[in-house]
Amino acid sequence: MNSSSFSKFLKIYGYDIVLGLIATFYVLAVPYTKVEESFNVQAMHDIFYHRHHLDNYDHLEFPGVVPRTFIGALLVSVLASPIILVMSFLHLPKTYGLIAVRLALGCITLSTLRFFRAQVRYKFGSQVEAFFVILTAFQFHLLFYCTRPLPNILALGIVNLAYGFWLKGDFYAALNCLIFSAVVFRCDMVLLLCPLGLVLLLTKSISLWKALKCCIGMALLSVGLTVLVDSIMWKKLVWPEFEVLWFNSVLNRSSEWGTHSFHWYFTSALPRSLLAAYPLCFLGALLDRRVLPFVIPVFTFVLLYSKLPHKELRFIISSVPIFNLSAAVAASRIFMNRKKAFWKLLSIILTGFLLISLGCTAATFMASYENYPSGYALKYLHQIGHLASNIEEQWVHIDPYSAMNGISRFCENDFPWRYSKEESIPLKEYQNRNFTYLINEHLLVEGYKCLFSMDGFSRVRPQLRFPPFLLIKEPKVYVHGNIKNEDLMNKNWPGC
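(A) Highlighting the side chain of Ser374. Here Ser374 lies in helix α18 (residues 373-384). Separated by 2.6 Å, the side chain of Ser374 and the backbone oxygen of Ser402 make a polar contact. Of note is the side chain of Ser374, whose polar atom sits 2.5 Å from the backbone oxygen of Asn405. Beyond its immediate stretch of four places on either side in the chain, Ser374 contacts Ser402, Asn405, Gly406, Ile407 and Val477.

(B) Expanded view of the packing of aromatic side chains. Within this structure, the stated rule accounts for 37 aromatic pairs. Aromatic pair Tyr26 and Phe140: ring centres 5.3 Å apart, planes at 70 degrees, arrangement edge-to-face. With Tyr26 in helix α1 (residues 3-29) and Phe140 in the loop between α6 (126-138) and α7 (141-145), the pair connects residues that are 114 residues apart, well separated along the chain. The same class applies to Tyr26 and to Phe140, which are both buried. Measuring from ring centre to ring centre gives 6.4 Å for Tyr49 and Phe410, while their planes differ by 75 degrees; the resulting arrangement is edge-to-face. Here Tyr49 is found in helix α2 (residues 38-49), whereas its partner Phe410 is found in the loop between α19 (400-404) and β2 (417-420), with 361 residues between them in sequence.

(C) Structural detail: the environment of Ser306. If you trace the backbone, Ser306 turns up in the loop between α15 (292-305) and α16 (320-336). Spatially, the C-alpha atom of Ser306 lies 6.8 Å from that of Tyr265, the residues being 41 residues apart in sequence. Those residues within four positions of Ser306 in sequence are excluded, and the remaining contacts are Phe262, Tyr265, Phe266 and Lys311. Within the structure, the side chain of Ser306 is placed 2.8 Å from the backbone oxygen of Val302, a separation counted as a polar contact.

Quick notes on the rules
Residues numbered from 1 in each chain as written. Predicted model: local features only at pLDDT ≥ 70, side-chain atom pairs only at ≥ 80, totals over all residues. Heavy atoms only, no water. Helix = DSSP H or I, 4+ residues; strand = E, 2+ residues; numbered from the N terminus. Polar contact = N/O pair within 3.5 Å; in protein donor to acceptor, adjacent residues only side chain to side chain. Contact = heavy atoms within 4.5 Å. Phe/Tyr/Trp six-rings, centres within 6.5 Å; stacked < 30°, edge-to-face > 60°. Buried < 20%, exposed > 50% of the residue type's maximum accessible area, 1.4 Å probe, protein only.

Now the structure itself:
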């Protein structure tokens, strides 16, 4: 490849390479998953390793609070299947499969973000697109989450398409994307669909009658698809997102998982996710009147979501691309006018904000790296826990806390390892069970010896020197061995 061809390649795909490399680094550094991702992770595992044997699927034994759709897991599994076939041929550990499906999901998410970026470049110019990429790269959450198999991220891929069609002027396609996303992946996308539809109606960008015909048709197709697929996979008639809507909105049961004040998204979640882009997004809406019609519906989406007591950053992550667009417009305007007196001061402030963002992103990554202790504990157990008598099965019991903080089916090894996630076992009952190892949150378990512990992130402690803070870790997960097993007791262990 000559220099001109390479330059052309970088011009076309350079931004994708930058964002993709950052997302890939996050996957390789922190491959494990949390409880919020468990349904889709286990579903992808079961699609690969159990295929049509639905009775062996994890979701039938551990269905969770509400059902979720299999459509996203099926799509990602299809994309990742060639890599899984190669893995099987090379007899690689299943952990590589977890990395494969996360990278496949990241490709989907970043591909749809590329479509949105292309419309940003067409409408606002290449410099705005460049600052959009810079702001996104300097943030932690969007690129860290874009590979995580959450329903919110599956929805984000469709929402990115909606944003792209919106900027392109294809308003009915944008509405259809949001409807599909709301019906199949996240019912809360209705809170984005309604403000967007209202703005389009008020600006006479769409006609009410044509919008109704278009949207009702897409809604019926989407309902039919999810009911057909998920009723087969769940072995009962089900529309997953309707049950989620009923659980969260009608029964208001989501508040059982914690609540935050009304302003939390604006005073905590958005500042942490946007970093430098947070103040810039407001400035962008003031500097360029073309931005305001895009910001208002998304801002309204966050405002409406604030009424729900249970709040998490991932619920509003689909708002980040539009806020980054507005921030990129402001950054571009500051950069273009940087030689003027007042704007020169703003350019210095902008540089400072970007450096602060980079520091915050590094700190957040380090905390997140330490936030999956049970995944690291099981990996270490696999490395040092092989016993002399390999002809016998080695049963590992994983308690709910450990299952929620890093362990999935992809982390399991083949014979002689066997695993149990049986719940509600009283602490004193473990001594009557024949488990070889326990991975749980308790330091002392009768009938078992603590073999080693795994630290996890606890809190941040500020200090009056560089670095200005310390990440405090403490033991989160303990691995115990059955004292009746002589081979196990004769081994040297790190201890607790």
